[in-house]
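# Reading the structure
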Amino acid sequence: MSGAVAAAEVDEARRLAAEAGRVVVKAGTNSLTDEQSNLDDGKLDKLVDDVADLVERDKEVILVSSGAIGAGKGRIGFAPDDTVEDSQALSTIGQSHLMRRYTESFERYGLTVAQILVTEHDLGDTDRFTNFKNTIETLLEWGVVPIVNENDAVATEEIRIGDNDMISSSIAIGVDADLLVTLTDVGGVYTGNPKENPDAELIEAVGRNYDEVERIIESTASGSFGGIRTKVQGARRVSEHGRPAIIARSTEPDVLEQIATEQPVGTIFVPINDHQ
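A short tour of the structure in this document, coming up. Quick caveat: nothing in here was measured; it's all calculated off a predicted structure.

Now for the overall build of the chain. Scanning the chain from N- to C-terminus turns up 11 helices and 8 strands. What you see for the chain is a C-alpha radius of gyration of 18 Å, in line with the 19 Å of a compact globule of 276 residues. Along the first, second and third principal axes, the C-alpha atoms of the chain reach 50 × 40 × 35 Å. Looking at the chain residue by residue over its 276 residues, the buried ones come to 53%. Within the chain, contacts between residues separated by at least 24 positions form 76% of all contacts whose residues are at least 6 apart in sequence. Taken as a whole, the chain presents about 12000 Å² of accessible surface, with 44% of it coming from carbon and sulfur.

Within the largest apolar cluster, 40 residues are counted, with the highest numbers of intra-cluster contacts made by Val-25, Leu-47, Tyr-102, Phe-106, Leu-179, Leu-256 and Ile-259. Residues contacting Leu-47, with those up to four places away along its chain left out, are Ala-27, Leu-32, Leu-63, Tyr-102 and Leu-183. Core analysis: the next-biggest nonpolar cluster, separate from the first, contains 36 residues, Ile-173, Val-213, Ile-228 and Val-238 among them.

So, about the packing of helix α8 (residues 164-174) against helix α10 (residues 228-240). Put simply, α8 and α10 touch, their axes get as near as 8 Å, and they point 10° apart. Between α8 and α10, the angle is such that the two are roughly parallel. Across the interface between the two elements, Asp-165, Met-166, Ser-169, Ser-170, Ala-172 and Ile-173 from α8 touch Thr-230, Lys-231, Gln-233, Gly-234, Arg-237 and Val-238 from α10. Looking at side-chain class alone, the contact of α8 with α10 contains 4 nonpolar, 5 polar and 3 charged residues.

Before going further, it helps to spend a moment on the pairing of strand β7 (residues 245-249). The side chains of a regular strand alternate, residue by residue, between the two faces of the sheet. Counting buried residues along β7, 4 of its 5 residues qualify, which places the element largely inside the surrounding structure. Strand direction decides the pairing type here: strand β5 (residues 179-184) and β7, joined by 5 bridges, are parallel. For Leu-180, the partnering residue across the bridge sits in β7 and is Ala-245. Sheet analysis places β7 next to strand β8 (residues 267-269), joined by 3 bridges and oriented antiparallel. Along β8, the bridge assignment pairs Ile-246 with Ile-268.

What follows concerns the pattern of salt bridges. Considering all chains together, one arrives at 22 salt bridges under this definition. Measuring nitrogen to oxygen at the nearest pair gives 2.8 Å for the salt bridge that ties Glu-137 to Arg-22. With Glu-137 in helix α6 (residues 126-141) and Arg-22 in strand β1 (residues 22-27), this pair connects stretches of sequence that are 115 residues apart. On the basis of relative accessible area, Glu-137 is assigned to the partly exposed category, the value being 28%. A salt bridge links Arg-128 to Asp-122; the shortest N-O distance between them is 2.8 Å. Taking relative accessible area as the criterion, Arg-128 reaches 49% and is therefore assigned partly exposed.

Turning our eyes to something else, we now look at helix α1 (residues 7-19). If you check α1, its first and last C-alpha atoms are 18 Å apart, about what 13 residues at 1.5 Å a residue would give, namely 18 Å. Those residues of α1 that sit buried are Val-10, Ala-13, Arg-14, Ala-17 and Ala-18. For α1, the arc enclosing every buried residue in end-on projection is 135°, short of the 170-degree limit, so these residues lie on one face. Opposite the packed face of α1, turned more than 90 degrees from it, sit the exposed residues Ala-8 and Glu-19. Each element contacted by the buried residues of α1 is listed here: β5, β6 (205-206), β7, α11 (255-260) and β8.

Okay, the environment of Lys-231 next. Take Lys-231: it is sitting in helix α10. Among the residues examined, Lys-231 registers a relative accessible area of 11% and is labelled buried. Placed 67 residues apart in sequence, Lys-231 and Asn-164 show a C-alpha to C-alpha distance of 9.1 Å. Sequence-distant contacts of Lys-231, that is, excluding residues within four places in its chain, are made with Lys-26, Asp-165, Thr-182, Thr-184 and Ile-247.

Tallying each qualifying case throughout the model produces 2 aromatic pairs. Look at Tyr-102 and Phe-106: their rings are 6.2 Å apart centre to centre, the planes differ by 40°, and that puts the pair in the tilted class. Of this pair, Tyr-102 and Phe-106 are both found in helix α4 (residues 84-107), 4 residues apart, which corresponds to roughly one turn of the helix. There is no split in this pair, since Tyr-102 and Phe-106 are both buried. Residues Phe-129 and Phe-132 carry aromatic rings whose centres are separated by 5.6 Å and whose planes lie at 35° to one another, so their mutual orientation is tilted.

Criteria and thresholds
- Residues numbered from 1 in each chain as written.
- Predicted model: local features only at pLDDT ≥ 70, side-chain atom pairs only at ≥ 80, totals over all residues.
- Heavy atoms only, no water.
- Helix = DSSP H or I, 4+ residues; strand = E, 2+ residues; numbered from the N terminus.
- Rg over C-alpha atoms; globule rule 2.2 N^0.38 Å.
- Buried < 20%, exposed > 50% of the residue type's maximum accessible area, 1.4 Å probe, protein only.
- Contact = heavy atoms within 4.5 Å.
- Areas by Shrake-Rupley, 256 points an atom, 1.4 Å probe, with all protein chains shown as cover.
- Core = buried A, V, L, I, M, F, W, Y, C linked by side-chain atoms within 4.5 Å.
- Axes fitted to C-alpha atoms, helices over the stretch in contact; angles between N-to-C directions.
- Parallel < 35°, antiparallel > 145°, perpendicular 65-115°, else oblique.
- Nonpolar A, V, L, I, M, F, W, Y, C, P; charged D, E, K, R; others polar.
- Pairing = 2+ DSSP bridges.
- Salt bridge = Lys/Arg side-chain N within 4 Å of Asp/Glu carboxyl O.
- Expected span 1.5 Å × (residues − 1).
- Arc of directions from axis to C-beta.
- Phe/Tyr/Trp six-rings, centres within 6.5 Å; stacked < 30°, edge-to-face > 60°.

Here is the structure:
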């Protein structure tokens, strides 16, 4: 599969990813919580370690973080019903806990964080997005790490489809980021569901083979693995705007450092301009 993308294109994409001055990093719920939906301090600290490495390389980083609903489940002490209303309420409990832990963890590096809650509608409205972008630019100028999350308390459809994947791609495009990195609990895009098929192989690069990759995703994605659809769609959107995007495993050692040093990690989406 990876042979469908020329080696020179892959190498160039890795070079662009390594040289990116502004990076959007998206972390999913499974990258932050344990199997009981408690916020996992080890996972969160590891993510912060990785982000801080990029900051220390003089890169601007915008962190798009899921996990509020999951963290809320771990704090409530009982199993609420699986309704949109409950998820909205859980997010308000988990979000404050999530930000408290981010604040503490980033303080280990002397870094200040800021919380921004948005919906896709905010990003789609010209005036509201201009305000959002101005805030991001100011925070980055101040050396602050913006942490963006879906405003689950007022969202409905977004909760059902995990819209942080699409929000992160919209932000990457809208604030002129040079790279989108989506961190998840799988190592990238595979020829099958790696959680069910041990023979599934990692697809190293996506470019002119996108249609084939999309067919594979549609035929193999199910359950929790179905979330790979929106991750692939988001990465594709970014690549169509001439920027590389990478989907990688959050537990990969020094995952962002590997990207910053042109090492092969996860699945890279090669920048394209012709919507192949």
